[in-house]
Amino acid sequence: MSTTSPLYGRTRDGMLVARVGDQVFATRPHEGGFHLVKAWGLTGTLNDWTAADFHDNRRDPVDEAEFRRTVEEWADHQRAAGAPRPP
């Protein structure tokens, strides 16, 4: 798998999560819905992480479709920028 191809899963506490290279996105429950949170350079597997691993700096509501669109746009951006490919 390319480092610019999203890898989707769930965190230990059930949040939808995606990794694109070193950037990680997740959906954190917030006021009856979800909002997008991010992290950088997390180690381990997707299901090792919890909400405490993510930065909570965005309050825009997001559903699963919007989350996946945002992740795919980031992956497209990384591919266009020429992100390094694994050997």
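Our structure's up above, just so we're on the same page.
Everything in this summary refers to the structure shown in the same document. (Residues numbered from 1 in each chain as written. Predicted model: local features only at pLDDT ≥ 70, side-chain atom pairs only at ≥ 80, totals over all residues. Heavy atoms only, no water.)

### So, the packing of aromatic side chains
- On inspection of all chains with the given rule, the structure shows three aromatic pairs.
- Measuring from ring centre to ring centre gives 6.5 Å for Y8 and F67, while their planes differ by 70 degrees; the resulting arrangement is edge-to-face. Residue Y8 is located in strand 1 (residues 7-10), and its partner F67 is located in helix 1 (residues 64-80); the two are separated by 59 residues in the primary sequence.
- By relative accessible area, Y8 is classed as partly exposed at 25%.
- With a relative accessible area of 0%, F67 lands in the buried category.
- Between W49 and F54, the ring centres sit 6.5 Å apart and the planes meet at 75 degrees, which makes this aromatic pair edge-to-face. Here the two residues W49 and F54 agree in accessibility, since each one is buried.
- In this arrangement the basic side chain of R68 is found over the ring face of Y8, its NZ or CZ atom lying 4.3 Å from the centre. (Phe/Tyr/Trp six-rings, centres within 6.5 Å; stacked < 30°, edge-to-face > 60°. Helix = DSSP H or I, 4+ residues; strand = E, 2+ residues; numbered from the N terminus. Buried < 20%, exposed > 50% of the residue type's maximum accessible area, 1.4 Å probe, protein only. Lys NZ or Arg CZ within 6 Å of the ring centre and 35° of its normal.)

### Overview of the sheet that holds strand 3 (residues 23-30)
- Spatial strand order, 1-2-3-4: four strands in an open sheet with antiparallel pairing. Sheet topology places strand 1 and strand 4 (33-40) at the edges, where each strand pairs with a single neighbour. Between one strand axis and the next, the sheet turns through 25 degrees on average, direction left out of account. (Pairing = 2+ DSSP bridges. Axes fitted to C-alpha atoms, helices over the stretch in contact; angles between N-to-C directions.)

### Here's the deal with helix 1
- Relative to the 24 Å expected for 17 residues at 1.5 Å per residue, helix 1 spans 24 Å between its end C-alpha atoms, a close match to the ideal helical length.
- Residues of helix 1 that are buried include every one of F67, T70, V71, A75 and Q78, and no others. Taken end-on, helix 1 shows its buried residues confined to a sector of 135 degrees, consistent with a single buried face. In helix 1, those exposed residues whose orientation departs by more than 90 degrees from the buried face are A65 and A80.
- Lining the buried residues of helix 1 we find strand 1, strand 2 (16-20), strand 3 and strand 4.
- For helix 1, the side-chain oxygen to backbone nitrogen distance between the N-cap and A65 is 3.3 Å, and the N-cap itself is D63.
- Backbone geometry just downstream of helix 1 places G82 in the positive-phi region, at approximately 80 degrees. (Expected span 1.5 Å × (residues − 1). Arc of directions from axis to C-beta. Contact = heavy atoms within 4.5 Å. Polar contact = N/O pair within 3.5 Å; in protein donor to acceptor, adjacent residues only side chain to side chain.)

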